[in-house]
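Below are the chains, spelled out letter by letter.
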Amino acid sequence: MARRKIIAGNWKMNKTPTEAKALVEMLAPLVKSDEVDVVYCVPAIDIVPVVEAVKGTNVEIGAENISDKDSGAFTGEISGAMIKDAGCKYVIIGHSERRDYYKEDDAFLNRKVHKAFQYDLIPILCCGESLEQREAGVTLDWIRLQLKSDLIGITAEQAATMVIAYEPIWAIGTGKVATTEQAQEVCHAIRELIAEIYDADTAEKIRIQYGGSVSASSAPELFAQPDIDGGLVGGASLKADFGKIVNYK
Ligand code: PEP
């Protein structure tokens, strides 16, 4: 069975609740699709108004972060229960900005992946190498290490429902897209790793996105690759271009 493509926007720290509603309305006619899953991952404060604004459409909502705790004295955090109750289906975990700026390590991210499943949320788990790592030839070793650590204790049944986003750090927000060959090579290696950790069936089911300066012009070739099941899109998800990315064919 062919995997259904999933195209997710990562709004990062952009859009007030008022602006978020306006963006959803602007995008509504452009992102209609029967063929792909469309997701907006939005700032915590935008979740409630955006869930309301997409009601009755094909768009699902995700959070950009989740606490590794259930509740309690963790000022500023947002729990899986809150995200789920607010209407999210997905949650981004391990974006390179959080790994880098907020020092989220793999043991911490592994706890977050477990929390997502505890609250019936689908993790969009990010991984990716720096420019130095690519130039040193350790890209695949690094990504194997990240994913093997992040997935400790996650069952095959859970993994089969997950989304993994391969995002080379040097391509995020830089306008520098990985070549189609580079993106396919790593996404293929990730699928092989999933087969190694779990089994061929899980590897066949898991969805693997490419992320890093995806645009309306680069999306068609990237998404045509056998192991690329869609994209995680930052900058372009805040513009009308996102509609062209969703309807890339
Ligand atoms: C991202 O934030 O996940 C991302 C890929 O950003 P951009 O598309 O802007 O490079």
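Residues numbered from 1 in each chain as written. Predicted model: local features only at pLDDT ≥ 70, side-chain atom pairs only at ≥ 80, totals over all residues. Heavy atoms only, no water.

### Section: the packing of helix H5 (residues 106-118) against helix H7 (residues 139-150)
Then step 1. With their axes 8 Å apart at the nearest point, H5 and H7 run at an angle of 45° to one another. Considering their axes alone, H5 and H7 lie oblique with respect to each other. Along its contact with H5, which presents Asp 106, Leu 109, Asn 110 and Val 113, the element H7 presents Gln 146, Ser 149 and Asp 150.
Then step 2. Its residues assigned to classes, the contact of H5 with H7 shows two nonpolar, three polar and two charged. (Axes fitted to C-alpha atoms, helices over the stretch in contact; angles between N-to-C directions. Helix = DSSP H or I, 4+ residues; strand = E, 2+ residues; numbered from the N terminus. Parallel < 35°, antiparallel > 145°, perpendicular 65-115°, else oblique. Contact = heavy atoms within 4.5 Å. Nonpolar A, V, L, I, M, F, W, Y, C, P; charged D, E, K, R; others polar.)

### Remarks on the site of the ligand
Then step 1. In the region of the ligand, 14 residues are neighbours, and Lys 12, Glu 167, Gly 173, Ser 213 and Gly 234 sit closest.
Then step 2. One of the side-chain N or O atoms of His 95 is found 3.0 Å from an oxygen atom in the ligand.
Then step 3. Between the ligand and Gly 234, the relevant distance is 2.8 Å, taken from an oxygen atom to a main-chain nitrogen or oxygen of the residue.
Then step 4. Taken by itself the ligand offers 290 Å² of open surface, and the protein chains cover 95% of this.
Then step 5. Of the residues contributing to the shell around the ligand, the split by class is four nonpolar, eight polar and two charged. (Near = heavy atom within 4 Å. Polar contact = N/O pair within 3.5 Å; in protein donor to acceptor, adjacent residues only side chain to side chain. Areas by Shrake-Rupley, 256 points an atom, 1.4 Å probe, with all protein chains shown as cover.)

### Topic: the packing of aromatic side chains
Then step 1. With the rule as written, the count across this model stands at five aromatic pairs.
Then step 2. Taking 6.5 Å as the distance between ring centres and 80° as the angle between the ring planes, the aromatic pair formed by Tyr 101 and Tyr 102 counts as edge-to-face.
Then step 3. With a relative accessible area of 58%, Tyr 101 lands in the exposed category.
Then step 4. Taken together, Trp 11, Tyr 40 and Phe 242 form an aromatic cluster joined through their ring pairs. (Phe/Tyr/Trp six-rings, centres within 6.5 Å; stacked < 30°, edge-to-face > 60°. Buried < 20%, exposed > 50% of the residue type's maximum accessible area, 1.4 Å probe, protein only.)

### Quick word on the side chain of Gln 146
Then step 1. Turning to its location among the elements, Gln 146 is positioned in helix H7.
Then step 2. The buried category is assigned to Gln 146, whose relative accessible area is 2%.
Then step 3. Once residues lying within four places of it in the same chain are set aside, the contact partners of Gln 146 are Arg 99, Asp 106, Cys 127 and Gly 128.

### Let's talk about the sheet that holds strand E3 (residues 59-63)
Then step 1. The eight strands are arranged E1-E2-E3-E4-E5-E6-E7-E8 in a closed barrel whose pairing can be described as parallel. Strand-to-strand twist in this sheet, taken as the mean axis angle between neighbours without regard to direction, amounts to 25°.
Then step 2. Sheet topology note: the strand E2 (residues 37-42)/E3 ladder contains five bridges and is parallel. Of the residues in E3, the one forming a bridge with Val 42 is Ala 63.
Then step 3. The sheet contacts of H7 involve strand E5 (122-127) and strand E6 (163-166), and relative to E5 the element is tilted by about 150°.
Then step 4. The strands that helix H9 (residues 180-197) touches are E5, E6 and strand E7 (207-211); relative to E6, the one it contacts most, it runs at about 145°. (Pairing = 2+ DSSP bridges.)

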